Amino acid sequence: MACSAKIFFTIIFLVLNIKTLVEGAPQVPCYFIFGDSLLDNGNNNELNTTAKANYSPYGVDFRDGRPTGRFTNGRNTADILAELLGFDHYIPAFASAKDSDILEGVNYASGSAGIRNDSGSHLGDRIYLGRQLENHQATISGIANLLGNTTSAKKHLNKCLFIVGIGSNDYINNYLLPEIYPSSHLYTPIQYATALIDQYSQHLRTLYEDGARNVALFGLGQIGCIPAEMKKHNTRICVGSTNNAIQQFNSKLKSLVDDLNTNFPEAKFTYINMYSISSIIAPLSVFNRPCCKVLETMPEGQCVPAETPCSLRGIYLFYDDFHPTEVANRIGTNRAYNALLSSDAYPMDIRHLVMKNNIVYDE
């Protein structure tokens, strides 16, 4: 345990002391985000859903301390990556993006959204991946109007970075809730992962056809180690069966990246290994507790409104029962952008993805 703690704090020190030197224009002209609550920055605020974070104590460390719809105490992965890419502002949510803002990117992510349309439906409305792509079509039309035609819009999009982080709710709010959803009765973990990846693949092909050429796909973290899953199984250690199911998905997603890069050689897809990156928390169960007091009724596991969160937020990895704190987001995003280990990204990290001359990691 002492050795694990030493490694943990060493990595935190290294990661949190990475400085981003921004000189001139951002590394990419535009940046688009698709995903779930780990990336949502306000798209759920006006939806009829319990999956929203537009209330205190969410956002306590974000700018003026007001909630924005981000499911954390401060910045999320989308925000931190925008900084690393050199943007001097955060990418706006689709719900609030206006006029020429869309030329620099849009965030379509939605809390409780999944690859499957029904994932998270018991929580209320959500913008599942298929609908996010429909929203992107509307954005493309807007860009075409701004640039003169669809051809110019596609050329512009060819230069952008696209990140997609989705799939967690297909487990947390679907497969792992057999009392609500039938998926676990219909599929084995391997069959379910295959079905998810097949559907995901079609969505990614649509994204490619719409002009995406630089795409980072975030794998799933160790869902078996989140506070909600450990509470459900009444254990203080990570739930192995859950993590094994997650690894089935991640393995197939990594293989999908190879297929996409083979079939679309003019594009670059890369896999971000959030399972490996998040594995640092596995032996450190003391960190698998939420910083805020959480609700025991719907939406179970989210922060109790207006309750004061823990004061030492810098040493907590989870803000509520599902979502990481800003410090955990910083650790993960920095490693996604600039891999600390070769296992962090395949075949390259995001920094190399957006470079003209890509340096590819060994598998």
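Everything numeric here is computed off the predicted structure, so don't read it as measured data. (Residues numbered from 1 in each chain as written. Predicted model: local features only at pLDDT ≥ 70, side-chain atom pairs only at ≥ 80, totals over all residues. Heavy atoms only, no water.)

A. Up close: the confidence of the model for the chain. Confidence along the chain averages 91 in pLDDT terms, with 89% of residues attaining 70 or more. Note on residues 18–22: pLDDT under 50 across the span, and five contacts to partners over four residues away in sequence or across chains. (pLDDT = per-residue confidence, 0-100. Contact = heavy atoms within 4.5 Å.)

B. Broad picture of helix α7 (residues 189–209). Over its 21 residues, α7 runs 30 Å from end to end, which matches the ideal 30 Å to within 8%, given 1.5 Å per residue. Along α7, the residues classified as buried are Y192, A193, L196, I197, Y200, S201, H203, L204, L207 and Y208. Where α7 terminates, the next one or two residues include G211, which has phi positive at roughly 115°. (Helix = DSSP H or I, 4+ residues; strand = E, 2+ residues; numbered from the N terminus. Expected span 1.5 Å × (residues − 1). Buried < 20%, exposed > 50% of the residue type's maximum accessible area, 1.4 Å probe, protein only.)

C. Summary view of empty space enclosed by the protein. In total, this model carries two cavities of 30 Å³ or more according to the counting rule given. Put simply, the largest cavity is a space of about 40 Å³. Surrounding the largest cavity, F34, L129, L133, V164, Y200, H203, L204 and L207 form its lining. Going through the elements one at a time, α3 (129–147) and α7 are the ones with two or more residues in the lining of the largest cavity. Element by element, the count of residues in the lining of the largest cavity is highest for α7, at four residues. The class makeup of the residues in the lining of the largest cavity is seven nonpolar, one polar and no charged. Lining the second largest cavity, in full, are S37, L38, F71, T72, N76, H323, P324 and N329. Grouping the constituent residues of the lining of the second largest cavity by class yields three nonpolar, five polar and no charged. (1 Å grid on protein atoms, 1.4 Å probe; cavity = no way out; pocket = protein on both sides within 12 Å on 5 of 7 lines; lining within 4 Å. Points joined across faces, edges and corners; volume = space filled by probe spheres on them. Nonpolar A, V, L, I, M, F, W, Y, C, P; charged D, E, K, R; others polar.)

D. The packing of aromatic side chains, seen in detail. One pass over the structure, following the stated rule, counts 16 aromatic pairs. Judged by centre distance (5.8 Å) and plane angle (50°), the rings of Y187 and Y192 are tilted. Look at Y192 and you get buried, because its relative accessible area is 0%. Each member of the aromatic cluster is reached from another via a ring pair, and the members are Y171, Y175, Y187, Y192, Y200 and F249. Positioned above the aromatic ring of Y128 is the side chain of R131, whose terminal nitrogen or guanidinium carbon lies 5.7 Å from the ring centre. Looking at R213, its charged tip hangs above the ring of Y208, at a distance of 3.9 Å from the centre. (Phe/Tyr/Trp six-rings, centres within 6.5 Å; stacked < 30°, edge-to-face > 60°. Lys NZ or Arg CZ within 6 Å of the ring centre and 35° of its normal.)

E. Main features of the nonpolar core. Counting residues in hydrophobic clusters, the biggest one holds 53 residues, and the most contacted among them are F32, Y171, Y200 and F249. If one sorts the elements of this core by residue count, α7 sits on top with eight residues. Excluding residues that lie within four positions of it along the chain, Y171 makes contacts with L176, Y192, A193, L196, L220, I223, A245, I246 and F249. Formed by 29 residues, the second largest nonpolar core is a distinct cluster that contains I80, L161, I272 and A336. (Core = buried A, V, L, I, M, F, W, Y, C linked by side-chain atoms within 4.5 Å.)

F. Expanded view of the sheet that holds strand β1 (residues 31–35). Within the open sheet, the five strands sit side by side as β1-β2-β3-β4-β5. Their pairing is mixed. Whereas interior strands pair on both sides, the edge strands pair on one side only; in this sheet they are β1 and β5 (345–346). As judged from the five bridges shared by β1 and strand β2 (residues 161–165), these two strands associate in the parallel manner. If you follow I33 over to β2, its bridge partner there is I163. Contacts between helix α9 (residues 240–263) and the sheet are confined to β3 (214–218), β4 (268–272) and β5, with β4 contributing the most and set at about 165° to the helix. (Pairing = 2+ DSSP bridges. Axes fitted to C-alpha atoms, helices over the stretch in contact; angles between N-to-C directions.)

G. Just the packing of α3 against α7, in detail. Two elements in contact, α3 and α7, have axes separated by 11 Å at closest approach and are oriented at 5°. With respect to their mutual orientation, α3 and α7 come out roughly parallel. Mapping the contact onto sequence places L129, G130, L133 and H136 in α3 and Y200, H203 and L207 in α7. Among the residues making up the contact of α3 with α7, the classes are represented as four nonpolar, three polar and no charged. (Parallel < 35°, antiparallel > 145°, perpendicular 65-115°, else oblique.)

H. Seen up close, the state of the cysteines. Tallying each qualifying case throughout the model produces four disulfides. At a sulfur-sulfur separation of 2.0 Å, the disulfide partner of C291 is C310. What sets the handedness of the C291 and C310 disulfide is the S-S torsion sign, and at about -105° it is left-handed. In this pair, C291 is assigned in the loop between α10 (274–278) and α11 (326–337) and C310 in the loop between α10 and α11, connecting sequence segments 19 residues apart. We classify C291 as buried; its relative accessible area is 7%. Residue C292 pairs covalently with C303 via a disulfide, S to S 2.1 Å. Judged by the torsion about the S-S bond (-95°), the C292/C303 disulfide is left-handed. Within this pair, whereas C292 is found in the loop between α10 and α11, its partner C303 is found in the loop between α10 and α11, the two being separated by eleven residues in sequence. (Disulfide = S-S within 2.5 Å.)

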